[in-house]
Amino acid sequence: MSEEEVIQYLSNTPDFFVRNTDLLESLNLPHPVNGKVTSLLEYQVHLLRKTTAEYRAEFDRLIKVARENESTMQKSRRLVLAGLTCRSLDDLAVIIDDMVRDDFEVSHHALVLFGDFPDSAVRSHKLVEDDVFLSHSAGFINCFCGMLPTNEMNFLFPDDASSIHSVAVLPLLSREGGEVRKCGVLVLGAESKSAFDKEKGALFLQYIADLLSAIVLRLLP
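I will try to describe carefully the structure that is included in this document. From a predicted model like this one, the values you see are computed outputs, not experimental measurements.

1. As for the overall build of the protein
Point 1. From N to C terminus, the protein includes 7 helices and 7 strands.
Point 2. Counting from the amino terminus, the protein carries its helices and strands in the arrangement α-α-α-β-β-α-α-β-β-β-α-β-β-α.
Point 3. Among the 221 residues that make up the protein, the fraction classed as buried is 33%.
Point 4. The contacts in the protein between residues at least 6 apart in sequence include a share of 56% that link residues at least 24 apart.

2. Description of the pairing of strand β7 (residues 181-190)
Point 1. Within β7, 8 of the 10 residues are buried, which leaves it mostly tucked inside the rest of the structure.
Point 2. Direction of pairing for strand β3 (residues 108-114) relative to β7: antiparallel, over a ladder of 6 bridges. For His108, the partnering residue across the bridge sits in β7 and is Gly189.
Point 3. Pairing of strand β6 (residues 166-174) with β7 involves 9 bridges; the strand directions are antiparallel. Counted as the bridge partner of Val167 is Gly189 from β7.
Point 4. Between the end of β6 and the start of β7, which pair antiparallel, lie 6 residues, with Gly177 showing a positive phi angle near 65°.

Definitions and cut-offs
Positions within a chain are numbered from 1, following the residues in the order the chain's sequence is written. Totals for whole chains, interfaces and linings use every residue, but because this is a predicted model, local features are given only for residues with pLDDT of at least 70 and side-chain atom pairs only at 80 or more, for both listing and counting. For the side-chain quantities, the full set of heavy atoms in the structure was used; hydrogens and water were omitted. Secondary structure elements follow DSSP: runs of H or I of four or more residues count as helices, runs of E of two or more count as strands, with numbering from the N terminus. Buried residues are those whose accessible area, probed at 1.4 Å on protein chains only, stays under 20% of the maximum for their type, while exposed residues exceed 50% and partly exposed ones sit between those limits. We call two residues contacting when some pair of their heavy atoms lies within 4.5 Å. Strand pairing is assigned whenever DSSP detects at least two bridges linking the two strands.

Dropping the structure here:
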């Protein structure tokens, strides 16, 4: 009889050892932790505890994901409602200030729109080919987490660049007609190296970038 057949038989006969208790005396069951012999009951209890711990860990993970999703929904809702009240680019700048402070809890941010907007206090920059100030930041069409070149950090954060150790770049784009048009960029800066880490991904940031892009497009002259 092969091992597979024995396993199949015992699986189909769960009360086998109840009816054949004497057989247990001749069985050696190695403990998975220290290699010592243990009883079948103790081994089963160990497996049950391990399985329970795994289920609890998975349950806790799902609860955490649910809470993060709820938080994301609330932040998105606030942004959408605030965006509907915007009447100017300056209004948008105030909303972004609030969002960065209340939702992201980061210490630095820079909003730069590409073009010339003399009637707005929002910072603007005219992009040129091989732009020496924002060539890296302006090149993204999806959110980026990590660090930027020193020259761009100094341009975006002239007073605080040395204290920022991780950034998130949110490109503000128009995708009308399938053509990508760069409208601006929002860069979040944090003093912690892990605040915006490449390993964390940028799904929520991309969602926020898409919402901000829609608001910007509505406000652009």
